[in-house]
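Here are the chains, one letter per residue:
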Amino acid sequence: MEAFHLLSRGGAQFDKKRFKKDVKLFNISTSIDKGKGVTRPDDGELPTELDFFKYAQGGPTKRKGIREPEQKAKKAKVSSEEEVSGTSTDAKPSTSMPRQRVTAKGNNVPAPLESFQDLITRYNVPPRLLDNLEHSGYLEPTGIQVHGVPILLEGRDLAAISPTGTGKTLAYLLPIFASLGAPASSSNDDTSRGVRALVLAPTRELAHQIHNECLKLAQGRKWRIVLFSKATASTLADKNVRDKVDIIISTPLRMVAALQAGNLDLSNVRHLILDEADRMLDPEFLEQVQEVTGACCHSSVRKAVFSATLPANAEKIAMGMLDDPIRVVVGLKDTPLPLIAQSLTYVADDASKLPTLLQYLAQPYNPPVLVFVSTQPRASSLAEELVLSGVQNVDCLHAGMSMKEREDAISRMRKGESWVMVTTEVMARGMDFKGVREVINYDFPQSVQSYVHRIGRTGRAGREGKAVTYFTNEDGPFLKTIANVILQSGSTVPDWILKLPKPSKMKRRDMGKVKRADAVNNARRIGRSDAIKKREMIAASKRRKQKTREGGSNEADHASQKGELEDIDAQ
DNA sequence: AAAAAAC
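Residues numbered from 1 in each chain as written. Chains lettered and ligands numbered in written order. Predicted model: local features only at pLDDT ≥ 70, side-chain atom pairs only at ≥ 80, totals over all residues. Heavy atoms only, no water.

K.L.:
What is the right way to look at the overall build of chain A in this model?
P.N.:
Check the secondary structure of chain A and you find 24 helices and 15 strands. Burial status across chain A gives 54% buried among its 571 residues. Considering only intrachain contacts with a sequence separation of at least 6, the fraction spanning at least 24 residues in chain A is 78%. Approximately 25500 Å² of chain A is accessible, and the part contributed by carbon and sulfur atoms is 52%. (Helix = DSSP H or I, 4+ residues; strand = E, 2+ residues; numbered from the N terminus. Buried < 20%, exposed > 50% of the residue type's maximum accessible area, 1.4 Å probe, protein only. Contact = heavy atoms within 4.5 Å. Areas by Shrake-Rupley, 256 points an atom, 1.4 Å probe, with all protein chains shown as cover.)

K.L.:
How should the protein's contact with DNA strand B be read in this particular structure?
P.N.:
Taken together, 20 residues surround DNA strand B, and among them Arg204, Arg279, Glu284, Gln376 and Gln446 come closest. Among all atoms of DNA strand B positioned within 4 Å of the protein, those belonging to sugar or phosphate total 57%. Here a phosphate oxygen of DNA strand B and a backbone polar atom of Ala399 are 2.9 Å apart. For the surface near DNA strand B, the elements supplying multiple residues, two or more each, are α12 (252–260) and α14 (283–295). Tallying contributions element by element places α14 first for the surface near DNA strand B, with three residues. The residue makeup of the surface near DNA strand B, split by class, is five nonpolar, 10 polar and five charged. (Near = heavy atom within 4 Å. Polar contact = N/O pair within 3.5 Å; in protein donor to acceptor, adjacent residues only side chain to side chain. Nonpolar A, V, L, I, M, F, W, Y, C, P; charged D, E, K, R; others polar.)

K.L.:
I would appreciate a short explanation of the nonpolar core in the present structure.
P.N.:
When a protein is soluble and globular, its nonpolar side chains tend to lie buried together. Grouped together as the largest cluster of nonpolar side chains are 108 residues, with contacts concentrated most on Leu119, Phe177, Phe306, Leu386, Val422 and Met427. At seven residues, the largest contribution of residues to this core is made by helix α8 (residues 168–179). Shared between two domains, this core holds at least three residues of each, these being domain 1 (2–62 + 80–89 + 97–330) and domain 2 (340–570). The next biggest cluster of nonpolar side chains, apart from the first, holds 33 residues, and it includes Ala159, Leu198, Leu264 and Ala277. (Core = buried A, V, L, I, M, F, W, Y, C linked by side-chain atoms within 4.5 Å. Domains from an automatic or database assignment.)

K.L.:
Quick question: what am I supposed to make of the side chain of Glu213 here?
P.N.:
As for its placement among the helices and strands, Glu213 is situated in helix α9 (residues 204–217). Note on Glu213: relative accessible area 12%, which makes it buried. Residue contacts for Glu213: discarding those within four places in its chain leaves Tyr138, Thr169 and Leu173.

K.L.:
When you look at the UniProt feature "domain: Helicase C-terminal" (unreviewed entry) in chain A in this model, what are you seeing that I'm missing?
P.N.:
Residues annotated by UniProt as "domain: Helicase C-terminal" (unreviewed entry) correspond here to residues 353–501. In the segment residues 353–501, helix accounts for 41% and strand for 16%; the C-alpha atoms at its two ends are 24 Å apart. (UniProt positions renumbered as here; feature names shortened; annotations may be inferred.)

K.L.:
Help me understand the sheet that holds strand β13 (residues 420–423), please; the structure alone is not making it clear to me.
P.N.:
Whether parallel or antiparallel, the strands of a sheet pair through hydrogen bonds between backbone atoms. Ordered in space as β10-β15-β14-β11-β13-β12, the six strands form an open sheet in which the pairing is parallel. On the outer flanks of this sheet lie β10 (340–348) and β12 (394–397), each paired with one strand and no other. Taking each pair of neighbouring strands and ignoring which way they run, the sheet shows an average axis angle of 20°. Judged from the four bridges that link them, strand β11 (residues 369–372) and strand β14 (residues 438–441) form a sheet pairing that is parallel. By the bridge assignment, Leu370 is partnered in β14 with Val439. The strands touched by helix α19 (residues 448–455) within the sheet are β10, β11, β14 and β15 (465–472), with β14 carrying the most contacts at an inclination of about 150°. (Pairing = 2+ DSSP bridges. Axes fitted to C-alpha atoms, helices over the stretch in contact; angles between N-to-C directions.)

K.L.:
Is there a simple way to explain the state of the cysteines in this structure?
P.N.:
What makes a disulfide is a covalent bond joining the sulfur atoms belonging to two cysteines. Across all of its chains, the model carries zero disulfides by this definition. The structure places no disulfide on Cys214, whose sulfur is separated from the nearest cysteine sulfur, that of Cys296, by 16 Å. A relative accessible area of 0% means that Cys214 is categorised as buried. The thiol sulfur of Cys296 is not disulfide-bonded, and the nearest other cysteine sulfur, from Cys297, lies at 7.8 Å. Here Cys296 falls in the buried class, since its relative accessible area comes to 4%. (Disulfide = S-S within 2.5 Å.)

K.L.:
Looking at this structure, I do not really get helix α15 (residues 312–321). What am I missing?
P.N.:
Note that an α-helix has 3.6 residues per turn; residues three or four places apart therefore point the same way. Looking only at α15, the buried set comprises Ala314, Glu315, Ala318 and Met321. On an axial view of α15, the arc spanned by its buried residues comes to 120°, and they lie on one face. Away from the buried face of α15 by more than 90 degrees, exposed residues Ala312, Asn313, Lys316 and Gly320 are located. Looking at the buried positions of α15, the neighbouring elements they touch are β3 (158–161), β7 (271–275), α13 (277–280), α14, β8 (302–307) and β9 (326–330). (Arc of directions from axis to C-beta.)

K.L.:
Looking at this structure, I do not really get the packing of aromatic side chains. What am I missing?
P.N.:
Ring pairs (aromatic) are described by centroid distance and by the angle formed between their planes. Within the structure shown, the criterion is met by five aromatic pairs. With 5.4 Å between their ring centres and 55° between their planes, Tyr346 and Phe471 make a pair best called tilted. Taken as a pair, Tyr346 in strand β10 and Phe471 in strand β15 lie far apart in primary sequence, 125 residues in all. Considered together, Tyr346 and Phe471 belong to a single accessibility category, that of buried residues. The interplanar angle of 45° and the centroid separation of 6.3 Å between the aromatic rings of Phe471 and Trp496 together place this pair among those described as tilted. Here Phe471 is found in strand β15, whereas its partner Trp496 is found in helix α21 (residues 495–498), with 25 residues between them in sequence. For Phe471, a relative accessible area of 2% puts it in the buried group. A relative accessible area of 8% means that Trp496 is categorised as buried. By way of ring pairs, the aromatic residues Tyr346, Phe471 and Trp496 are connected into one cluster. (Phe/Tyr/Trp six-rings, centres within 6.5 Å; stacked < 30°, edge-to-face > 60°.)

Next up, the structure:
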């Protein structure tokens, strides 16, 4: 009984506090938005359509990964395939979201929603749920909600691909709430006993955020919605407590631990959601996820995967998990939103990054800024350097910190007390800080997926955003790939970057070898012209080629780089 | 390709 109290009390209290905070933040940022929106009314209309056609017709910068799915959809005019053009959403009066092309592929695709009111007329959804939507500021369904919600409500499996900040969470929570039925605590019916919905996410912060969203939308209902943690997991050892839980939000490993301890029964789960699906299907997570999905053994469990990115290998695994799935794609897969203004900044080498960032922060900027680095130590030390350099309200968040420190950092972020947040991949996915207008990739992202998710922390819910990515000579091999992604989503990149050799033909240099931390050179480099940057990058790419031909040693590489850099400096 | 995150 005590355990039971701990469980429900924790949830309820947190709910109210969070709810108020979120509402405040939300109101402030929307009012700012309206002002901005007026000055640029056409935003969001141009880029989406233009870009699709540019690449569908095979422009000079076409990319295989983007063209393929679109072409397939056109070639195979099978009756079971349905293409929904943007026109279905065009009819709507006014949405804060930019219009995006939607394709829904699969057997008997349910008709999209016209509005949230449709939920009452078509699916008998309790009006209270719609009230909660309205109170939370959700007035018009987004593309993924319009298409995804009916699919889930009609009990179909779904693979949903929709850009960052386009309302995926609501798209899967709404159907869960609409079809969950009576709370387990007030029911003797076996079918509504115990956990009936499970949402898996890759980080605790994201699980936490999803949980808050749940509490907001489920207000007035007596469902027990549990954010799985060490404390809550242990309370579930009591079967009486366990049977009264309706929804669990968790990271995979926590679930695995509880399953193995025998403290968890997932045999009545009817809704299973993988958020950030491609991340969850990464080799390191896959086994854990499979163990959890395996434990969801009810014959009528419906599964859905959601992400803004879904590389081919992840999609294959996902589709294998789903039963007669419908695949919905909003916008272009693996592509950032056009309303994020993206740019690349050349910084020559690692030592040049800090002065560049300090210079940036010395000018007026839009806090909070999210700064992404590649490792935990780099996050800590950069944050420290910024503080020492006199930058105000610097925060740091990575998974090496204690849970308390992590929670505090998030809370400062939510309250707007953080101006510069230095972080790792832990924050790259799913986190929704409505105020974030700028993202800086201090360290070059390690994949297109990472890039798309990182910069997707801004430009959320129809707002504009700005993303800057630093690149060094060492980042050359992946520069063109990211440049193409930028181009594809409506931003521009310097011509000379697009003329770099193909990434596939370059071999990545061994890292950590040549670190020229010459402060004088660094200071000079920051102000260099494009022409010089171009020379340096091409020289770097030549060195890489030569090195792969020779299979060269460290010293040889060092010497040749030094020589070439000195040549350039001399001019 | 590679670090991060998951407990």
